[in-house]
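Listed below, chain by chain, are the residues.
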Amino acid sequence: MSNNTNNSAIPYKIYLQENEMPTHYYNVRADMKGKPAPLVNPGTGKPVTFDDLKPVFCDELIEQELNDTDRYIEIPEEIRDFYKMYRPSPLVRAYCLEEKLQTPAKIYYKFEGNNTSGSHKLNSAIAQAYYAKKEGLKGVTTETGAGQWGTALSMACSYLGLDCKVYMVKVSYEQKPFRREVMRTYGSSVTPSPSETTEVGKKILSEHPGTTGSLGCAISEAVEAATTSDVYKYVLGSVLNQVLLHQSVIGEEAMTAMKKYGIKPDVIIGCAGGGSNLGGLMSPFMGEKLRGEADYRFIAVEPASCPSLTRGRYAYDFCDTGHVCPMAKMYTIGSGYIPAPNHAGGLRYHGMSPIVSELYHQGEIEAVSYTQTEVFEAARDFARVEGILPAPESSHAIKAAIDEALKCKETGEEKTILFGLTGTGYFDLYAYEQFNDGNMTDYVPSDEEIETSLATLPNIEG
């Protein structure tokens, strides 16, 4: 039960001062007794080394990726100064949603959409761009699904004077042209993926003619573009340890804001595609749980069309469709799986963060999945009472939060619910149009489809 009983003392929005912003990233791996399994070099079958990753990533990011021991890693002053453009982000008490649901639950959301890129992705984008600039690179390459990561990286690279090449999943490139144009306005080149501009893109197109693409395809192309150049490195917006590390500022700010008002969340909810938002929000709270200082429930919410946690297998798999990246032990539905072209483009990834996967495997995290129609119903209801049009990705967390609040209505429990509102949905109006017109469809893969994809997993023990 929450220890907060005085509603009148809690403002609608809790804002921290700039001097209360985190000065260090929190590394949850330091408090995990069972660490995430190491990345594996597909050529040797052995754990990757610093030298293995050097052709792909910046040196300092490799250090962060491989660091399982340091609980806190300092945020460079230049990055903290950039964060001040849009951080601290508000922690919002969803009074209007509570009233609409007539629930005794207390609902909070950490709103990460109050920046030009429109999402939480900017937290890691500026960090990765900073290290690339520090290394003297000309630019970076990356993939993007719905376009939020690509937009954030474009903004960060523009600020630092770096070139940015974005491979955008083809279905999102076509569905979300305005987000593409924001990237181009910031100076990035944007290529629909899979494309004819890379060897791996040509191979994927020959094997899957007319494919709408996937994050796995786009990753393959971006990595090839980086590794065939001496002046570019690859950066990414989710999945890997370094990204969850940067996103820990979300959870750190949320925890600081809640503790200022004596609030303790009972349930912490985040949408889950690759794991960056969920991992960032939950990490400091998970640290307290792992250290035995507090107890929380954590819920990962994923799309039913791409259900890596709820229907996948915990095994080593390639991080990309073209098999040019290292392999990670994660919950996966197979690197060759091409998800249905749903509108939550940022969640259309075949695997899950090794950190999130290991914590789920240990039973520290629960997972649920929803079809996109029920997710958009939750988004509509939220928008009508809270005044924010949420991104489809975030709306998965909204749906789960509403369900938890309605359970409290049935039981009379006054639980405190915290969820991550990762971004806004103003570039997703094509999807909202389909929903409002009653033309939205749901796709749930059959067991046979998933098993066929899983049959291609590499034979790696771990």
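In this report, we go over the structure that sits alongside the text.

Rules behind the numbers
Each chain carries its own residue numbering, running from 1 in the written order of its sequence. Per-residue local features are limited, in this predicted model, to residues with pLDDT of at least 70; the limit for side-chain atom pairs, both in listing and counting, is 80 or more; totals at the level of whole chains, interfaces and linings are taken over all residues. Derived side-chain values reflect all non-hydrogen atoms in the structure, with water molecules and hydrogen atoms excluded from consideration. We count a stretch as a helix when DSSP gives it H or I for four or more residues in a row; a strand needs E for two or more, and each element gets its number in order from the N terminus. As defined in this context, the radius of gyration uses C-alpha atoms, and a globule is described by 2.2 Å times the residue total to the power 0.38. Here's how the labels work: a residue is buried when its accessible area is under 20% of the maximum for its type, exposed when over 50%, partly exposed in between, all with a 1.4 Å probe on protein chains only. The axes used here are C-alpha line fits, helices contributing only the stretch in contact, and every angle between their N-to-C directions lies in the interval 0 to 180 degrees. Note on angle classes: values under 35 degrees are labelled roughly parallel, values over 145 roughly antiparallel, values of 65 to 115 roughly perpendicular, and the remainder oblique. The criterion used for residue contact is that any of the two residues' heavy atoms lie within 4.5 Å. Each residue receives one of three labels: charged for Asp, Glu, Lys and Arg, nonpolar for Ala, Val, Leu, Ile, Met, Phe, Trp, Tyr, Cys and Pro, and polar for the others, Gly being one of them. Nine residue types can take part in a nonpolar core, namely buried Ala, Val, Leu, Ile, Met, Phe, Trp, Tyr and Cys, and a core is a set of them joined through side-chain atoms within 4.5 Å. Within 6.5 Å between ring centres, the rings of Phe, Tyr and Trp (the latter by its six-membered ring) count as paired, and their orientation is classed by plane angle as stacked under 30 degrees, edge-to-face over 60, tilted in between. The rule for pairing is simple: two strands pair if DSSP sees at least two bridges between them. Put simply, a salt bridge is a Lys or Arg side-chain nitrogen that is within 4 Å of an Asp or Glu carboxyl oxygen. For this analysis, a polar contact is any N or O atom pair within 3.5 Å, provided that within protein one partner can donate a hydrogen and the other can accept it, and provided that sequence-adjacent residues contribute only side-chain to side-chain pairs. Seen with the strands pointing away from the viewer, any crossover whose path from the first strand over the helix to the second strand runs clockwise is right-handed. The sense of a crossing depends on the near helix, which, turned anticlockwise from the far helix by less than a right angle, makes the crossing left-handed and, turned clockwise, makes it right-handed.

**As for the overall build of the protein**
Thinking step 1. Within the protein one finds 18 helices and 15 strands.
Thinking step 2. The globule rule puts the C-alpha radius of gyration for 462 residues at 23 Å, and the 20 Å found for the protein is close to it.
Thinking step 3. A principal-axis box enclosing the C-alpha atoms of the protein has dimensions of 60 × 50 × 45 Å.
Thinking step 4. For the protein, buried positions account for 63% of its 462 residues.

**Regarding the packing of helix α2 (residues 59–66) against helix α5 (residues 122–134)**
Thinking step 1. Contact pair α2 / α5: the axes reach a minimum separation of 8 Å and the direction vectors enclose 130°. With respect to α5, the element α2 is oriented oblique. Contact residues: Glu60, Leu61 and Gln64 in α2; Gln128, Tyr131 and Lys134 in α5.
Thinking step 2. A breakdown of the residues in the contact of α2 with α5 according to their chemical character gives two nonpolar, two polar and two charged.

**Some details on the nonpolar core**
Thinking step 1. If you look at the biggest cluster of nonpolar residues, it comprises 37 residues, and the most contacted ones within it are Met282, Phe285 and Leu418.
Thinking step 2. Counting only elements with at least two residues in this core, the list comes to α11 (241–260), α12 (276–290), β11 (297–303) and α14 (354–361).
Thinking step 3. In this structure, Phe285 is in contact with Gly251, Ala254, Met255, Met258, Pro265, Ile268, Tyr296, Phe298 and Leu418, ignoring residues within four places of it in sequence.
Thinking step 4. Within the second largest apolar cluster, 36 residues are counted, among which are Trp149, Ala156, Val190 and Leu245.

**A few points about the packing of aromatic side chains**
Thinking step 1. For the structure shown, the criterion picks out 16 aromatic pairs.
Thinking step 2. With centroids separated by 4.8 Å and ring planes inclined at 10°, the aromatic side chains of Tyr314 and Tyr331 adopt a geometry described as stacked. Here Tyr314 is found in strand β12 (residues 313–318), whereas its partner Tyr331 is found in strand β13 (residues 327–332), with 17 residues between them in sequence.
Thinking step 3. For Tyr314, a relative accessible area of 14% gives the class buried.

**Some thoughts on the sheet that holds strand β8 (residues 189–193)**
Strands pair in a sheet through their backbones, by hydrogen bonds, and they do so in one of two ways: parallel or antiparallel.
Thinking step 1. Reading across the sheet, the four strands line up as β8-β7-β6-β9 and stay open at both edges, with parallel pairing between neighbours. For this open sheet the edge positions go to β8 and β9 (232–234), each flanked by a neighbour on one side alone. Each adjacent strand pair in this sheet contributes to an overall mean axis angle of 25°, direction not counted.
Thinking step 2. Packed onto the sheet, helix α10 (residues 215–227) meets β6 (139–144), β7 (163–169), β8 and β9 and runs at close to 170° relative to β6.

**What to know about the pattern of salt bridges**
Thinking step 1. Tallying each qualifying case throughout the model produces 29 salt bridges.
Thinking step 2. Its salt-bridge partner being Asp428, residue Lys176 comes within 3.3 Å of it at the nearest N-O pair. With a gap of 252 residues between them, Lys176 in the loop between α7 (170–175) and α8 (177–185) and Asp428 in the loop between β15 (416–421) and α17 (429–436) connect regions that are remote in the sequence. The same class applies to Lys176 and to Asp428, which are both buried.
Thinking step 3. Close ionic contact of Lys259 with Glu288 constitutes a salt bridge, the shortest N to O distance being 2.6 Å.

**Regarding the side chain of Ser395**
Thinking step 1. On the secondary structure map, Ser395 appears in helix α16 (residues 392–411).
Thinking step 2. Given a relative accessible area of 1%, Ser395 falls into the buried group.
Thinking step 3. Within the structure, Ser395 has its side chain in polar contact with the backbone oxygen of Ala391 (distance 2.8 Å).
Thinking step 4. Contacts of Ser395, omitting those with residues within four sequence positions, involve Val375, Ala378, Ala379, Pro390 and Tyr432.

**Examining the side chain of Ser193**
Thinking step 1. Looking at the element boundaries, Ser193 is found in strand β8.
Thinking step 2. Looking at Ser193, its side chain comes within polar contact range of the main-chain nitrogen of Ala218, at 3.5 Å.
Thinking step 3. There is a polar contact of 2.7 Å between the side chain of Ser193 and the side chain of Glu221.
Thinking step 4. Sequence-distant contacts of Ser193, that is, excluding residues within four places in its chain, are made with Tyr167, Met168, Val169, Lys170, Thr212, Gly213, Cys217, Ala218 and Glu221.

**A few points about the pairing of β11**
Thinking step 1. Within β11, six of the seven residues are buried, which leaves the element mostly enclosed by the surrounding structure.
Thinking step 2. Here five bridges tie strand β10 (residues 267–271) to β11, and the two strands are oriented parallel to one another. By the bridge assignment for β11, Ile268 is matched with Phe298.
Thinking step 3. Traced from β10 through α12 to β11, the parallel crossover comes out right-handed.
Thinking step 4. Direction of pairing for β11 relative to strand β14 (residues 366–370): parallel, over a ladder of five bridges. In the strand pairing of β14, Ile299 is matched with Glu366.

**Re the packing of α5 against helix α6 (residues 148–160)**
Thinking step 1. Interaxial distance between α5 and α6 falls to 8 Å at its minimum, and their mutual angle equals 40°. Our classification of the angle between α5 and α6 gives oblique. Relative to α6, the crossing made by α5 is right-handed. Touching Leu122, Ser124, Ala125, Ile126, Gln128, Ala129, Tyr130 and Lys133 of α5 are Trp149, Ala152, Leu153, Met155, Ala156, Cys157, Tyr159 and Leu160, all from α6.

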